[in-house]
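These are the residues of each chain, in order.
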Amino acid sequence: MRLITALGVSLALWLGSAITSTAAPSLTVLCGVDEAWCSAMEKAFEATSGLDISMSRKSTGDILNQIRAEKSAPTVDVWWGGTGDTHLQGGSEDLLQPYQPAHKRDLLPWAQNFFSISGGRSAGIYAGALGFAYNSNLLRKLKLPAPTCWRDLTDPVYRGHVRSGNPNSSGTAFTMLATLVQLFGEDEAFRFMAKLNQNIDQYTSAGSAPVKAAARGETLIGISFMHDSVTLKLAGAPLVIVAPCEGTGYEIGAVSIIKGSRNPENAKLFVDFALSPEGQGTGAASGQSQVPSNALTALPLSAPDISLIKMVDYDFATFGLPGERSRLLEKFDTSIVATN
């Protein structure tokens, strides 16, 4: 009898642990920032909330495509990070749920404006300027001039030495595409990209991959957001970071709740934390250099001073429209990529 009782207790404990181990997480998040920040944010939110979350890192365009594919039965609760115009596209397609976050009043003006443009579906969590960086050691080895402008990158001397993201998957690269259209006009922008394409050694799926490759010396020049370059430079990479002389665009990274989320209340808690000084502080703590959107959050010492960079008046409303994104991507695929 004692043996049967002991076996019964053991079976009950095993069943309990099995159920616990297979239980669904309290929240599922797709992360569009650097892997180190994804991990830091996951740990910080779990410690603060006591919830168990599942966080996966993907490129921004891939996140949007997954949310589109799962529209009738979402498996994701929150989309955190990644370029804001892509979030706006998701909102325009009715994929995101409006929410009034707890820290809305503390947001800086550019974040307040972005929230308004989104119809309350997406909140800005950081800002960062687009640029490129080159490996100074490799530049000396190749005996090439230092590029300072967008147009410099089309010089034949850089043939096979420039790397960029693919705007179909990379939010960074779509920001570049939209930036060039706003800087030069659409026709001239595509003529520029056709020339640049001759120098591209590879289009990557992730927007930070080009500058990471430049940091490792795998390519000379990587086009990425400047804060990604700063993070690598602080880690010892021989990078020179360039704000292009003609001017450049910028991103507003965002957070959104997925419409039809299975855990809407927990999703709201995550958004509130993402906009709080504590949540935004996880960026600097994990070596990131973006400018946080909450005015009460300390600015990372390594953050580029975007007030000193020549910026375009980035039109988030236009380039956040699904039709405009699709049109530009189709044009990029047919007139640029198809020529490779």
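Residues numbered from 1 in each chain as written. Predicted model: local features only at pLDDT ≥ 70, side-chain atom pairs only at ≥ 80, totals over all residues. Heavy atoms only, no water.

A. Fine view of the state of the cysteines. Following the criterion strictly, the structure yields two disulfides and no others. Between Cys31 and Cys38 runs a disulfide, and the two sulfur atoms are separated by 2.0 Å. Negative torsions about the S-S bond denote left-handed disulfides, and the value of about -85° found for Cys31 with Cys38 makes this one left-handed. Neither Cys31 nor Cys38 differs from the other in exposure class; each is buried. Disulfide pairing places Cys149 opposite Cys245 at an S-S distance of 1.9 Å. Measuring the twist about the S-S bond at about 120°, one finds the Cys149-Cys245 disulfide to be right-handed. (Disulfide = S-S within 2.5 Å. Buried < 20%, exposed > 50% of the residue type's maximum accessible area, 1.4 Å probe, protein only.)

B. Highlighting the packing of helix H9 (residues 209-216) against helix H10 (residues 226-234). Packing of H9 against H10 leaves a shortest axis separation of 9 Å and a crossing angle of 25°. On the basis of the axis angle, H9 is roughly parallel to H10. Handedness of the H9/H10 crossing: right-handed. Listed contacts from H10 to Val211, Lys212 and Ala215 of H9 are Asp228, Ser229 and Leu232. Looking at the contact of H9 with H10, its residues break down into three nonpolar, one polar and two charged. (Axes fitted to C-alpha atoms, helices over the stretch in contact; angles between N-to-C directions. Helix = DSSP H or I, 4+ residues; strand = E, 2+ residues; numbered from the N terminus. Parallel < 35°, antiparallel > 145°, perpendicular 65-115°, else oblique. Left-handed = near helix turned anticlockwise from the far one by under 90°. Contact = heavy atoms within 4.5 Å. Nonpolar A, V, L, I, M, F, W, Y, C, P; charged D, E, K, R; others polar.)

C. Structural detail: the packing of aromatic side chains. Within the structure shown, the criterion is met by 13 aromatic pairs. Arranged with centres 5.1 Å apart and planes meeting at 70°, the rings of Phe45 and Phe270 form a pair that is edge-to-face. On the criterion of sequence distance, the pair formed by Phe45 in helix H2 (residues 35-49) and Phe270 in helix H11 (residues 264-274) is long-range, its members being 225 residues apart. For Phe45, a relative accessible area of 1% puts it in the buried group. By relative accessible area, Phe270 is classed as buried at 0%. An aromatic cluster is defined as three or more aromatic residues linked by ring pairs; in this entry it consists of Trp37, Phe45, Trp80, Tyr126, Phe270 and Phe273. Sitting over the face of the ring of Phe190, Lys331 holds its NZ or CZ atom 4.6 Å from the ring centroid. (Phe/Tyr/Trp six-rings, centres within 6.5 Å; stacked < 30°, edge-to-face > 60°. Lys NZ or Arg CZ within 6 Å of the ring centre and 35° of its normal.)

D. Expanded view of empty space enclosed by the protein. Inspection of every chain in the model, using the stated rule, returns five cavities of 30 Å³ or more. A volume near 210 Å³ is recorded for the largest cavity. Around the largest cavity sit 22 residues that line it, and Gly32, Val33, Arg57, Thr172 and Asp228 are the ones nearest its centre. Sorting the residues of the lining of the largest cavity by element identifies strand S3 (78-83), helix H7 (171-184) and H10 as the ones contributing at least two each. Grouping the constituent residues of the lining of the largest cavity by class yields four nonpolar, 13 polar and five charged. The calculated volume of the second largest cavity comes to roughly 90 Å³. (1 Å grid on protein atoms, 1.4 Å probe; cavity = no way out; pocket = protein on both sides within 12 Å on 5 of 7 lines; lining within 4 Å. Points joined across faces, edges and corners; volume = space filled by probe spheres on them.)

E. A look at helix H12 (residues 277-285). If you check which residues of H12 are buried, you get Gly279, Gln280, Thr282 and Gly283. Across the axial projection of H12, the buried residues extend over an arc of 130°, all falling on one side. Among the exposed residues of H12, those pointing more than 90 degrees away from its buried face are Glu278 and Ala285. Looking at the buried residues of H12, the elements they touch are H2, strand S5 (122-135), H11 and strand S11 (291-292). In the segment just after H12, Gly287 is the residue with positive phi, at about 85°. (Arc of directions from axis to C-beta.)

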